[in-house]
Amino acid sequence: MGLELYMNLLSQPSRAVYIFAKKNGIPFELRTVDLIKGQHRSKEFFQINSLQKVPVLKDGDFILTESSAILIYLSCKYQTADHWYPSDLQARARVHEYLGWHADCIRGTFGVPMWVQVLGPLIGVQVPEEKVERNRTAIDQALQWLENKFLGDRLFLAGQQVTLADLMALEELMQPVAVGYELFKGRPRLAAWRERVEAFLGAELCQEARSIILSILEQAAKKTLPTPPPEVYPTMLLRIARIP
Amino acid sequence: MGLELYLDLLSQPCRAVYIFAKKNGIPFELHIVDLIKGQHLSDAFAQVNPLKKVPALKDGDFTLTESVAILLYLTRKYKVPDYWYPQDLQARARVDEYLAWQHTTLRRSCLRALWHKMMFPVFLGEPVSPQTLVATLAELDVTLQLLEDKFLQNKAFLTGPHISLADLVAITELMHPVGAGCQVFEGRPKLATWRQHVKAAVGEDLFREAHEVILKAKDFPPADPTIKQKLMPWVLAMIR
């Protein structure tokens, strides 16, 4: 059994791993874990990842969680082009510097609009307007830092070439974009960065990775999204409760 | 000008960087950035790190923020013993995995425990509702269980038989609620044993030195109104 990747393209970190593997021609078996149906809470998936989250990598007996760890593992094992995770001391430090800040300021924040507009309503939960506003402010602030501190006048977030940082960041930003947030409007530098990253990755691959999120509002409107089973409600409610 | 580290040992990530540098004999000039005096919010410090956070590293013209990035930079530049961040692909992936996981889990729980249980009421004179405190401590409990069940399991250290960056980051984290008076290791013999292993590997003296500030935090005199006003927005943003 070769490399297996357990993921769901609804999930931002899953998309980053998917895009990386595909772009680099890394052969893998895709194991889709249906999050809305609660497959991540199943006994079978618990054997794969007791934290009940995606993405997960399985390489023979070796199981690895956490998207940034998976990306680093893949880049080293499959010896992808140096620019993704540069061997230069300072260049690599910049990637980790971004990933550290990303964990605090991007992760968690950029997923909220999807919960507000699609996932919460799926179980009949309405997130208070006050929280939605607070989240908008947090998104704005994060984008300011992203543009000014990390991008600056560089081509990409951690230097002059695409790195793992750009993948992680862009897929997070696409989450609210998919539910109508015009993040790139009025942010020409960030918009130009996005174009550069997508030009590098290829439009087809980006479309493929985002096929689920880009049609999610439509599916929600047509009521064609799966119904979450009751077992999954508690974790969904917990996630919604954690929205500041 | 050699390596400079901007730290406050009140901060967990600063403790990890401090211990790591000292343990590995990495020479550096220490710049204390006193958080409870609001020094990190000063214009002077913004010149070093516009994000106004510690730790920060300055190596000639190269300035670096984010503790994990700093630890990895030091690891690679100063060629420390392999066990801290192993060359072996899978062993290293385990360390990366922990370092990624801890940001939004243990780090967050420990920070909130310190502030909700102690820093808000004692230092800032701001009451914290019993419900908030209970919820925070419950969350800490859950994360400690995950630390034990998913990472430590029956190993001597979090990612294998030897200490690594993961253990250093974790132990310095756990000292936050310890400083607030939480009995983190009580009723958790596996974690207690692990703590002993880590302390022994780091060295009791260095461990004690790095944790003097956090263990004395309960005795900080209450903040005066000017300082309190200055710090509140930062604190609230930090523990959201």
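Here the structure is a predicted model, which means the values were calculated and not measured. (Residues numbered from 1 in each chain as written. Chains lettered and ligands numbered in written order. Predicted model: local features only at pLDDT ≥ 70, side-chain atom pairs only at ≥ 80, totals over all residues. Heavy atoms only, no water.)

1. Looking at the packing of aromatic side chains
- Tallied over the full model, the rule gives 19 aromatic pairs over all chains.
- An angle of 90 degrees between the planes, with centres 5.1 Å apart, marks the rings of Tyr98 of chain B and Phe151 of chain B as edge-to-face. Within this pair, whereas Tyr98 of chain B is found in helix 4 (residues 89-102), its partner Phe151 of chain B is found in helix 6 (residues 130-152), the two being separated by 53 residues in sequence. There is no split in this pair, since Tyr98 of chain B and Phe151 of chain B are both buried.
- One aromatic cluster in this structure is built from Phe20, Trp84 and Phe200 of chain A.
- The lysine or arginine in question, Lys23 of chain A, covers the ring of Phe200 of chain A, its NZ or CZ lying 5.0 Å from the ring centre. (Phe/Tyr/Trp six-rings, centres within 6.5 Å; stacked < 30°, edge-to-face > 60°. Helix = DSSP H or I, 4+ residues; strand = E, 2+ residues; numbered from the N terminus. Buried < 20%, exposed > 50% of the residue type's maximum accessible area, 1.4 Å probe, protein only. Lys NZ or Arg CZ within 6 Å of the ring centre and 35° of its normal.)

2. Quick notes on helix 10 (residues 225-238) of chain B
Residues and elements named next belong to chain B.
- Here helix 10 spans 20 Å end to end across 14 residues, near enough to the 20 Å set by a 1.5 Å rise per residue.
- Along helix 10, the helix axis deviates most sharply at Leu231, where the bend reaches about 40 degrees; the proline Pro233 sits within four residues downstream.
- Those residues of helix 10 not exposed but buried are Ile227, Leu231, Met232, Trp234 and Val235.
- Buried positions along helix 10 lie against helix 5 (106-123).
- The residue sitting at the N-terminus of helix 10 and contributing the capping side-chain oxygen is Asp224; that oxygen lies 2.9 Å from the backbone nitrogen of Thr226. (Expected span 1.5 Å × (residues − 1). Bend = angle between axes of the 7 residues up to and from the residue. Contact = heavy atoms within 4.5 Å. Polar contact = N/O pair within 3.5 Å; in protein donor to acceptor, adjacent residues only side chain to side chain.)

3. Points about the state of the cysteines
- In the structure shown here, the tally under the stated rule is 0 disulfides over all chains.
- Free of any disulfide, Cys105 of chain A has its nearest cysteine sulfur in Cys14 of chain B, 16 Å distant. (Disulfide = S-S within 2.5 Å.)

4. Observations regarding the domain arrangement of chain A
Residues and elements named next belong to chain A.
- Entries for chain A in the domain assignment read domain 1 (3-83) and domain 2 (84-242).
- Computed over C-alpha atoms only, the centres of domain 1 and domain 2 are separated by 18 Å.
- Of the residues lining the interface, 27 residues belong to domain 1; the matching set on domain 2 comes to 37 residues.
- A buried area of about 2900 Å², summed over both sides, lies between domain 1 and domain 2, and 68% of it is on carbon and sulfur atoms. (Domains from an automatic or database assignment. Buried area = accessible area lost by both parts, 1.4 Å probe.)

5. Digging into the sheet that holds strand 1 (residues 3-7) of chain A
Residues and elements named next belong to chain A.
- An order of 2-1-3-4 is seen for the 4 strands of this open sheet, with the pairing classed as mixed. Here the strands that pair on one side only, and so sit at the sheet edges, are strand 2 (29-32) and strand 4 (62-65). Across this sheet, the average inter-strand angle for adjacent strands is 20 degrees, counted without regard to direction.
- Strand direction decides the pairing type here: strand 1 and strand 2, joined by 4 bridges, are parallel. In the sheet register, Met7 faces strand 2, and the bridge partner there is Thr32.
- The sheet strands contacting helix 3 (residues 67-77) are strand 1, strand 3 (56-59) and strand 4, and the helix crosses strand 4 at an angle near 130 degrees. (Pairing = 2+ DSSP bridges. Axes fitted to C-alpha atoms, helices over the stretch in contact; angles between N-to-C directions.)

6. Remarks on the UniProt feature "domain: GST C-terminal" (unreviewed entry) in chain A
- Feature annotation in UniProt assigns "domain: GST C-terminal" (unreviewed entry) to the following positions: residues 88-224 of chain A.
- Helix makes up 72% of residues 88-224 of chain A and strand 0%. Its end C-alpha atoms lie 48 Å apart. (UniProt positions renumbered as here; feature names shortened; annotations may be inferred.)

7. What to know about the interface of chain A and chain B
- Across the boundary between the two partners, chain A contributes 31 residues, which contact 29 residues of chain B.
- Among the residues chain A hides against chain B, the three largest losses belong to Leu51, Leu89 and Asp104 of chain A. Together they make up 18% of the total.
- Inspection of the region where chain A meets chain B yields 0 salt bridges.
- At the boundary of chain A with chain B, the tally comes to 5 residue pairs in polar contact (both at pLDDT 80 or more).
- In terms of residues, the side of chain A that touches chain B owes the most to one element, helix 4 (residues 89-105) of chain A, which gives 11 residues. (Salt bridge = Lys/Arg side-chain N within 4 Å of Asp/Glu carboxyl O.)

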